[in-house]
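For reference, the chains in residue letters:
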Amino acid sequence: MCDLNVKIEQLRDLLNGGVKRAVIIPHISPDGDAMGSCGALSLLLDKLGIQNQILICDSVPEYLQFLPKARTVVSNRVDPELCESYMMAADVLFMMDHNNPDREGELQLLNEAFMGKKVMIDHHLEPSSVDITISEPGSPATCMLLYKVIKAIWGKEIISADMANALYAGINTDTGNFNHAASDPELYRTVADLLEQGLDRDYVYANIYQVSSLDKLRLTGNVILNDLQIHPDYPIAVIPVSLNELEHFHYKDGDLEGVVNIPLSIAAVKVSVLITERKDKVKISMRSKGDIPVNVWCEKYFNGGGHKNASGGKLEVSFAEAIELVNGTVREFFEELNN
Ligand code: 5GP
Ligand code: MN
């Protein structure tokens, strides 16, 4: 039996073995795949009669608030005591769409102190080892992997329309609306199954792609017009966005979502880097075309990692130093690639 099937059986045995309470944690700055997988799992646990709560270190961006359970998430930033009490009472902790507790912000400490069983469901490379590590780095989205797990244990009939919407939201966003990591036929079979289970594709699309604010659109326009720079020697676009600029456009979590992809529409650009100044750190976000592994660059210099074509990291240096570090390592990154 393959490793994944063994893990799936272990999860089935765990959940059938008298589990009463679970906590579910997405990664910091959650995206559609993180919140979609948490929401779908939470609805599933409800059906199984297992009390559960999604905990988050920061907040759910407004554009994902339509997802099931998103409005009942408890944030460690808002109520750390409540987070801790949920953790203390739980017998299972689910880590969704991330491969390491260090992707959980301040919840990392509670995760590391957790005494119950830990289950990871994720599609990032190099997963850390927990009690049940369900990891498939080849999968386009954690939501697709979760679908596979649910189908294998309970059959797809257990999937409600709300669960289907949540799973589809993750699949849709992690593939950039089926534009990357989207050549696996299984992806479309999964979507077909979700449609049969009541997925409302138009509803999910409208809620993700047609709910922007004027501030978000103007911020996007401004960074493309005024911040975007194309490197003179290498096929790379860099967009540094300062805290001042974010404040000017009344920035809310999620308002820069998707911006890093825009420069890839230029034929000559193969890598796009968004450098965002935050109050306590500088966030790096990278996207690439084809065979360029930006995760390697993020791991080496930016305390991060991710997927070959979509990675990120963070720096605890000034905004100017972060820009300098990106520009100062471009040459080395491309030259190592060519060797
Ligand atoms: P984004 O650019 O959307 O913030 O992140 C893209 C991908 O990069 C994420 O799905 C995640 O896999 C990875 N990533 C982003 N930030 C970090 C980080 O700080 N550390 C690690 N290990 N991966 C990150
Ligand atoms: Mn994901």
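Please read these numbers as outputs of a predicted model, since none were measured by experiment.

**With respect to the packing of helix α2 (residues 32-47) against helix α5 (residues 142-154)**
Thinking step 1. Taken N-terminus to C-terminus, the directions of α2 and α5 make an angle of 20 degrees; their axes are 9 Å apart at the nearest point. The angle between α2 and α5 places the two elements in the roughly parallel class. At the point where α2 passes α5, the crossing takes the right-handed sense. Across from Asp33, Gly36, Ser37, Ala40, Leu41 and Leu44 in α2, the residues of α5 making contact are Thr142, Cys143, Leu146, Ile150 and Trp154.
Thinking step 2. For the contact of α2 with α5, the per-class residue count stands at seven nonpolar, three polar and one charged.

**Remarks on the nonpolar core**
Thinking step 1. If you look at the biggest cluster of nonpolar residues, it comprises 57 residues, and the most contacted ones within it are Phe94, Ile159 and Leu194.
Thinking step 2. With eight residues, α5 is the single largest residue contributor to this core.
Thinking step 3. Within the second largest apolar cluster, 22 residues are counted, among which are Val238, Ile284, Val294 and Val326.

**Thoughts on the pattern of salt bridges**
Thinking step 1. Counted according to the given criterion, the structure contains 13 salt bridges.
Thinking step 2. A salt bridge links aspartate 46 to lysine 69; the shortest N-O distance between them is 2.7 Å. Of this pair, aspartate 46 sits in helix α2 while lysine 69 sits in the loop between β2 (51-56) and β3 (74-75), placing them 23 residues apart in sequence.
Thinking step 3. One salt-bridge network, held together by shared partners, links Lys151, Lys156, Asp193 and Glu196.

**Considerations on the coordination of the manganese ion (ligand 2)**
Thinking step 1. Within the first shell, the manganese ion (ligand 2) binds the protein through Asp33 (OD), Asp97 (OD), His123 (NE2) and Asp174 (OD), at distances of 2.2 to 2.4 Å.
Thinking step 2. Along the chain, the residues that donate to the manganese ion (ligand 2) are spaced as D-x63-D-x25-H-x50-D. Of this pair, aspartate 97 sits in the loop between β4 (92-96) and α4 (107-113) while aspartate 174 sits in helix α6 (residues 161-174), and the two are 77 residues apart along the sequence.
Thinking step 3. Note on aspartate 97: relative accessible area 1%, which makes it buried.

**Focus on the site of ligand 1**
Thinking step 1. In the vicinity of ligand 1 there are 15 residues, among which His124, Ser285, Arg287, Ser311 and Lys314 approach most closely.
Thinking step 2. Between ligand 1 and glycine 305 there is a distance of 3.2 Å, counted from a nitrogen atom to a backbone nitrogen or oxygen.
Thinking step 3. Look at ligand 1: alone it shows 490 Å² of surface, and the protein chains cover 83% of it.
Thinking step 4. Elements that contribute at least two residues to the shell around ligand 1 include exactly β10 (282-288), β11 (305-306) and β12 (310-315).
Thinking step 5. Ranked by residues supplied to the shell around ligand 1, first place goes to β12 with five residues.
Thinking step 6. Of the residues contributing to the shell around ligand 1, the split by class is one nonpolar, 10 polar and four charged.

**Overview of the environment of glutamine 210**
Thinking step 1. The residue glutamine 210 is located in the loop between α8 (201-209) and α9 (214-227) in this model.
Thinking step 2. Look at glutamine 210 and you get exposed, because its relative accessible area is 56%.
Thinking step 3. Sequence separation between glutamine 210 and leucine 256 is 46 residues, and the spatial gap between their C-alpha atoms is 15 Å.

**Details of the sheet that holds β11**
Thinking step 1. On the basis of which strands lie adjacent, the open sheet formed by six strands has the order β7-β8-β9-β10-β12-β11 and mixed pairing. Both edges of this open sheet fall to β7 (229-230) and β11, since each of them pairs with a single strand only.
Thinking step 2. Of the strands in this sheet, β8 (236-241), β9 (271-277), β10, β11 and β12 are in contact with helix α11 (residues 294-301), which crosses β12 at around 15 degrees.

**Section: the environment of valine 6**
Thinking step 1. Relative to the helices and strands, valine 6 resides in helix α1 (residues 3-16).
Thinking step 2. Residue class for valine 6 comes out partly exposed when judged on its relative accessible area of 31%.
Thinking step 3. Sequence separation between valine 6 and asparagine 16 is 10 residues, and the spatial gap between their C-alpha atoms is 15 Å.

**Comments concerning the sheet that holds β2**
Thinking step 1. Taken in spatial order, the six strands make up an open sheet running β3-β2-β1-β4-β5-β6, and their pairing is parallel. Edge strands, defined here as strands with exactly one partner in the open sheet, are β3 and β6 (132-135).
Thinking step 2. Bridge count for β4 against strand β5 (residues 117-122) is five bridges, and the pairing is parallel. Residue pairing across strands places phenylalanine 94 opposite valine 119, the latter belonging to β5.
Thinking step 3. The sheet contacts of α5 involve β4, β5 and β6, and relative to β5 the element is tilted by about 120 degrees.

**Quick notes on the state of the cysteines**
Note on terminology: a disulfide is the covalent bond linking the sulfur atoms of two cysteines.
Thinking step 1. Counting across every chain of the model gives zero disulfides.
Thinking step 2. Cysteine 38 carries a free sulfur, and the closest cysteine sulfur to it, the one in cysteine 143, is 8.7 Å from it.
Thinking step 3. Here cysteine 298 stays free of any disulfide, with the sulfur of cysteine 57 as its closest cysteine sulfur at 18 Å.

**Section: the environment of valine 273**
Thinking step 1. With respect to the element layout, valine 273 can be found in strand β9.
Thinking step 2. On the basis of relative accessibility, which here comes to 0%, the residue valine 273 falls in the buried class.

**Points about the side chain of glutamate 104**
Thinking step 1. Turning to its location among the elements, glutamate 104 is positioned in the loop between β4 and α4.
Thinking step 2. If we ignore the near neighbours within four places in the chain, the residues touching glutamate 104 are Ile25, Pro26, Cys57, Met95, His98 and Asn111.

**Details of the pairing of β5**
Thinking step 1. Summarising burial for β5: five of the six residues are buried, a large majority.
Thinking step 2. Direction of pairing for β5 relative to β6: parallel, over a ladder of four bridges. If you follow isoleucine 121 over to β6, its bridge partner there is isoleucine 134.

The rules we used
Residues numbered from 1 in each chain as written. Chains lettered and ligands numbered in written order. Predicted model: local features only at pLDDT ≥ 70, side-chain atom pairs only at ≥ 80, totals over all residues. Heavy atoms only, no water. Axes fitted to C-alpha atoms, helices over the stretch in contact; angles between N-to-C directions. Helix = DSSP H or I, 4+ residues; strand = E, 2+ residues; numbered from the N terminus. Parallel < 35°, antiparallel > 145°, perpendicular 65-115°, else oblique. Left-handed = near helix turned anticlockwise from the far one by under 90°. Contact = heavy atoms within 4.5 Å. Nonpolar A, V, L, I, M, F, W, Y, C, P; charged D, E, K, R; others polar. Core = buried A, V, L, I, M, F, W, Y, C linked by side-chain atoms within 4.5 Å. Buried < 20%, exposed > 50% of the residue type's maximum accessible area, 1.4 Å probe, protein only. Salt bridge = Lys/Arg side-chain N within 4 Å of Asp/Glu carboxyl O. Donors = N, O, S within 2.8 Å, 3.2 Å for Na, K, Ca; no water. Near = heavy atom within 4 Å. Polar contact = N/O pair within 3.5 Å; in protein donor to acceptor, adjacent residues only side chain to side chain. Areas by Shrake-Rupley, 256 points an atom, 1.4 Å probe, with all protein chains shown as cover. Pairing = 2+ DSSP bridges. Disulfide = S-S within 2.5 Å.

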